[in-house]
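One letter stands for each residue in the lines below.
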Amino acid sequence: MRLHFIVHEDFEAPGAYEIWGKMNNFKITYSRVYLNEVLPTSVEDIDFFIVMGGPQSPDTTLDVCPHFNSLAEQVIIKKAIEANKVVIGVCLGSQLIGEALGAKFEHSPEREIGKFPIMLTEYGITHSKFSHLGKMTEVGHWHNDMPGLTPNAKIIAFSAGCPRQIIEYSKLVYGLQCHMELTSEIVELLIQHSEVELNDAHNYKFVNTREELRKHDYQKMNQNLFIFLDKLKEEYSKRS
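- Looking at an unreviewed UniProt entry, the chain carries the name Glutamine amidotransferase, with the source organism given as Acinetobacter pittii.

Here is the structure:
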């Protein structure tokens, strides 16, 4: 199987998603757009298509960020969805999935940076891909916005600061506003690129300090992500 990443910035790295891909012997390819690597023109030989986060928003223009072409990414995301591929969006990536499907992203009620619990909805608790999370689990966060909802979208999980943390757009398409892929190494990179936000941590209910971010254990959330991805891979293998 082939796993393709769109990576917007070096500090928004694939982390545990990449680790899982290597554990499962995927052929892994990348569009590291911050290095001006091109987006794929076809999704025919891609099985898992994962769009990572970034400081941009879906309405960021090329004038503001020349390496981020939101509309072009939405086109290839929609192609992958229509081709019945697994499509996962993380943070910005989740918002781009919504946009590709006609659902406008919105600002989250609260800024969230750090490690905080998400709560599963009744639908999420009984969902075969997420039942292992229980009613509540701690995950990583680093965002101001959240994905839009299509008419058929279902909310799997929410947090105290954001009503849309995990969204199911279809049985193979998921938007994760939260960051279950974080590792200590990636968090250190994010800290280096979030000076303003972290200096204001005391002004927000859901923003950890640098010290708190560095002390967190991210391994359990990574393991929970692996279980979800294993189940998604099994679902993909059954597709018609």
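With respect to the sheet that holds strand β6 (residues 136-146)
And step 1. Spatially, nine strands are ordered β2-β1-β3-β4-β9-β8-β7-β5-β6 in an open sheet, and the strand pairing comes out mixed. Pairing within the sheet leaves two strands with one partner each, and these edge strands are β2 (27-32) and β6. Mean inter-strand twist for the sheet, computed between neighbouring axes without regard to direction, equals 20 degrees.
And step 2. With ten bridges connecting them, strand β5 (residues 106-120) and β6 associate as antiparallel partners. Within β6, the position partnered with His-107 by the bridge is Asp-145.
And step 3. Here helix α8 (residues 219-237) sits on the sheet in contact with β3 (48-51), β4 (86-90), β5, β6 and β9 (173-176), set at roughly 155 degrees to β4.

Comments concerning helix α3 (residues 92-100)
And step 1. Most of α3 sits inside the fold, with nine of its nine residues counted as buried.
And step 2. Contact partners of the buried residues in α3: β3, α2 (70-82), β4, β6, β8 (166-170) and β9.
And step 3. Following α3 by one or two positions, Gly-102 adopts a phi angle in the positive range, close to 90 degrees.

As for the UniProt feature "domain: Glutamine amidotransferase" (unreviewed entry) in the chain
And step 1. Per the UniProt record, "domain: Glutamine amidotransferase" (unreviewed entry) is annotated on residues 36-184.
And step 2. This span, residues 36-184, is 18% helix and 34% strand, and a straight line between its end C-alpha atoms measures 27 Å.

So, the packing of aromatic side chains
And step 1. According to the stated counting rule, one finds nine aromatic pairs in the structure shown.
And step 2. Ring geometry for Phe-116 versus Phe-206: centroids 5.8 Å apart, planes at 85 degrees, classification edge-to-face. Placement of Phe-116 in strand β5 and of Phe-206 in the loop between α6 (195-199) and α7 (210-215) is noted, with a sequence separation of 90 residues between them.
And step 3. Assessed through its relative accessible area of 14%, Phe-116 is described here as buried.
And step 4. According to the relative accessible area criterion, Phe-206 is buried, its value standing at 15%.
And step 5. The structure contains a cluster of three or more aromatic residues connected by ring pairs, namely Trp-20, Phe-26, Phe-48 and Tyr-236.
And step 6. Just above the ring of Tyr-236 sits the side chain of Arg-239; from NZ or CZ to the centre is 3.7 Å.

Conventions used here
- For every chain, the first residue of its written sequence is number 1, and the numbers climb from 1 along that sequence.
- Residues qualify for local features only when their pLDDT is at least 70, as the model is predicted, and side-chain atom pairs are given and counted only at 80 or more; totals for whole chains, interfaces and linings, by contrast, use all residues.
- The basis for every side-chain value is the complete set of heavy atoms in the structure, and neither hydrogens nor water enter the calculation.
- Think of it this way: DSSP has to see at least two bridges between two strands before they count as a pair.
- In this description a helix means any DSSP run of H or I spanning at least four residues, a strand means any run of E spanning at least two, and both kinds are numbered starting from the N terminus.
- To obtain an axis, a line is fitted to C-alpha atoms, over the contacting stretch when the element is a helix, and the angle between two such axes runs from 0 to 180 degrees between their N-to-C directions.
- Contacts between residues were defined by any pair of non-hydrogen atoms, one from each residue, lying within 4.5 Å.
- Note on classification: 1.4 Å probe, protein chains only; a residue is buried when its accessible area is under 20% of the maximum for its type, exposed when over 50%, partly exposed between these limits.
- UniProt positions are given in the numbering used here, feature names are shortened, and annotations may be inferred rather than shown by experiment.
- Centres within 6.5 Å make a pair out of two Phe, Tyr or Trp rings, where for Trp the six-membered ring is used; the pair is then stacked when the planes are under 30 degrees apart, edge-to-face when over 60, and tilted otherwise.
- Charge over a ring is defined by NZ of Lys or CZ of Arg lying within 6 Å of the ring centre and within 35 degrees of the ring normal.

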